[in-house]
Amino acid sequence: MADLNDPSADDLTELDVDLNPPCVLVFNASDPSGAGGLGGDALAMASVGAHMLPVVTGAYARDTAEIFDHFAFDEEAVAEQTRAILEDVEVQLIKVGFAGSPEILSTIAETATDYPDVPLVAYMPNLSWWDENQIEAYLDAFRELVLPQTTVLVGNHSTLWRWLLPDWSGDKPPTARDIARAAGELGTPYTLVTGIMLPEQFIDNVLASPQAVLASEKYERLEAVFAGAGDTLSAALAALLASGTDLVAATSEALSYMDRCLDAGFRPGMGHVLPDRLFWAQPEDDDDDEDDGPADPADFALPPHDTRH
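Predicted model only: the values in this text are computed from it and were never measured.

> Account for the side chain of Ser209, naming residues and giving values.
With respect to the helices, strands and loops of the structure, Ser209 is situated in the loop between strand S8 (202-208) and strand S9 (213-220). Among the residues examined, Ser209 registers a relative accessible area of 6% and is labelled buried.

> Run through the sheet that holds strand S2 (residues 51-62), naming residues and quoting values.
Strand order across the open sheet formed by nine strands is S3-S2-S1-S4-S5-S6-S7-S8-S9, with mixed pairing between neighbours. For this open sheet the edge positions go to strand S3 (67-72) and S9, each flanked by a neighbour on one side alone. Sheet twist, expressed as the average angle between the axes of neighbouring strands with direction ignored, equals 20 degrees. Examined bridge by bridge, strand S1 (residues 23-30) and strand S4 (residues 93-96) share four bridges and lie parallel to one another. Its bridge partner being in S4, Val26 is matched across the sheet by Lys95.

> Summarise the side chain of Thr232; cite the residues concerned and give the values.
The residue Thr232 is located in helix H8 (residues 229-242) in this model. For Thr232, a relative accessible area of 0% puts it in the buried group. Residues within four places of Thr232 in sequence aside, it is in contact with Ala44, Tyr257, Met258, Cys261, Pro275 and Arg277.

> How would you explain the packing of aromatic side chains if you had to name every residue and give the values?
One pass over the full model with this rule turns up ten aromatic pairs. Centre to centre, the rings of Phe98 and Trp129 are 5.8 Å apart; their planes meet at 75 degrees, and the pair counts as edge-to-face. Separated by 31 residues along the polypeptide, Phe98 in the loop between S4 and helix H4 (102-114) and Trp129 in the loop between strand S5 (120-124) and helix H5 (132-146) bring together distant segments of the chain. A relative accessible area of 2% means that Phe98 is categorised as buried. Judged by its relative accessible area of 22%, Trp129 falls in the partly exposed class.

> An account of the pattern of salt bridges is needed here, citing residue identities and associated values.
Any two side chains of opposite charge can pair, on the condition that their charged atoms come close. Enumeration over the complete set of coordinates arrives at six salt bridges. In this structure, Arg62 engages Asp31 in a salt bridge whose closest nitrogen and oxygen atoms are separated by 3.7 Å. Within this pair, whereas Arg62 is found in strand S2, its partner Asp31 is found in the loop between S1 and helix H2 (37-48), the two being separated by 31 residues in sequence. With respect to burial, Arg62 and Asp31 carry one shared label: buried. Of the charged contacts, one joins Asp231 and Lys95 as a salt bridge, the two residues approaching to 3.7 Å between their closest N and O atoms. Of the two residues, Asp231 is situated in helix H8 and Lys95 in strand S4; the sequence distance between them amounts to 136 residues. The exposure classification of Asp231 matches that of Lys95, with both residues buried. Three or more residues joined by partner-sharing salt bridges are found here, namely Asp41, Lys95 and Asp231.

Conventions we followed
- Residues numbered from 1 in each chain as written.
- Predicted model: local features only at pLDDT ≥ 70, side-chain atom pairs only at ≥ 80, totals over all residues.
- Heavy atoms only, no water.
- Helix = DSSP H or I, 4+ residues; strand = E, 2+ residues; numbered from the N terminus.
- Buried < 20%, exposed > 50% of the residue type's maximum accessible area, 1.4 Å probe, protein only.
- Pairing = 2+ DSSP bridges.
- Axes fitted to C-alpha atoms, helices over the stretch in contact; angles between N-to-C directions.
- Contact = heavy atoms within 4.5 Å.
- Phe/Tyr/Trp six-rings, centres within 6.5 Å; stacked < 30°, edge-to-face > 60°.
- Salt bridge = Lys/Arg side-chain N within 4 Å of Asp/Glu carboxyl O.

Honestly, that's just the spatial picture; any functional story needs more than this.
In structure tokens, the structure reads:
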């Protein structure tokens, strides 16, 4: 029996691991607007209780209204970032955002192959801002290299429909299960399809496998146009799964978190509304003290000291 008053070094190491937040390796771009990218991932994951290990795949040139360009890193730079941190830290999950090039997707796929027991959450954003030839090459590489490694694919209904079912000829739009079936044929067992339009200003979000619908959460449609909702949802889902939450419960919690982030959204510039991923840290209205006006700059000054030279 272990001595609780004088634990061994092994016991202390195990205790440290248990007390650590789960670590999630994230591949994504830098986003100067804060709408999404690694900055958005970091806030969402920290809010849910995970520690993000960010691997920068490139950088957007964008504001809160639109993306103007993207500058991809060299794939060897991405590989070196990944190699360095994985030799030091054990990760519970891998999350893939926007990688920026087929070459970087190949690097990510190689990493996932080396860690077959680590789940992978992949988010496919809307790429309509990009050059058409670049989009096609990127989607082809993602389909061939990343989807076979993916545990849960996350994406908007229209984005996934046009990508995975480009020849759809049905009288009605494909269902979430239709999309999940198409992803399943490429090796992905679960797909979370968001933004399915319903009557009376509601939006449905459905988690499905090729065989069945596993969960469905309906929310009232908000009037504002948002940037960063998909990054928020996929990051929260990844963090919850890394912490050991089962898939259906994690999906429900992540959707609820995203909805509250959007409900508390703010507009820092002249473009879209951004999710407030730290909505829970804002004071309640009835807890606010009386408005004493702006703080005196002297309140932030360093205190005097008595050091003499």
